[in-house]
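# Residue-level structural notes
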Amino acid sequence: MNGVYTIGLLIVSNIFMTFAWYGHLKLQQMKVLSDSTPLYVIIILSWMLALAEYACQVPANRYGYVGNGGDFNLMQLKVIQEVISLMVFTGFTVLFFNSETFHWNHFAAFVCLILAVYFVFMD
């Protein structure tokens, strides 16, 4: 169950992270934030979202780590996190930014990520 809980927390964490890092760009496109919005305001808003990210990321790593009774070693945790991060980012980009499209090379990169997961879990 720790593995499922860990992956769920990592997914939620990466959703917050993606919105913290790139959400302001969409808000600017939607004219919610203007071009003249001070950068410090955007940074503060992003840090507020990043707090929610960390509130999920830290427990995910703590509960998921084999040294704490979890299912994953550090390398496995990191590769899982990176794959989830890129999957969430791709979904976010395709859903919220109409100007971005999914190309064959993106698919090839995902195949490489799947291979990375395979190799990191090999004995």
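Parameters and conventions
- Sequence order as written defines residue numbering, which begins from 1 separately in each chain.
- Restriction of local features to residues with pLDDT of at least 70 applies here, the model being predicted, together with a cutoff of 80 or more for giving and counting side-chain atom pairs; totals for whole chains, interfaces and linings are based on all residues.
- Based on all heavy atoms of the structure, the side-chain values leave hydrogens and waters out of the count.
- For the purposes of this entry, the term helix denotes a DSSP run of H or I that reaches at least four residues, the term strand denotes a run of E that reaches at least two, and both are numbered from the N terminus.
- Three exposure classes are used, based on accessible area relative to the maximum for each residue type with a 1.4 Å probe and protein chains only: buried under 20%, partly exposed in between, and exposed over 50%.
- Per-residue confidence from the prediction method is given by pLDDT, with values spanning 0 to 100.

### Concerning the side chain of Ser-13
One can find Ser-13 in helix α1 (residues 2–29). On the basis of relative accessibility, which here comes to 0%, the residue Ser-13 falls in the buried class.

### Remarks on the confidence of the model for the chain
Overall, the prediction assigns the chain a mean pLDDT of 90, with 100% of residues at 70 or greater. Mean pLDDT across the secondary structure elements of the chain bottoms out at helix α4 (residues 104–120), with 87, and peaks at helix α2 (residues 39–64), with 94.

### As for unusual backbone geometry
With phi around 70°, Lys-31 is a residue other than glycine that occupies positive phi space. With respect to the helices, strands and loops of the structure, Lys-31 is situated in the loop between α1 and α2. Using a relative accessible area of 71% as the deciding quantity, one classes Lys-31 as exposed.

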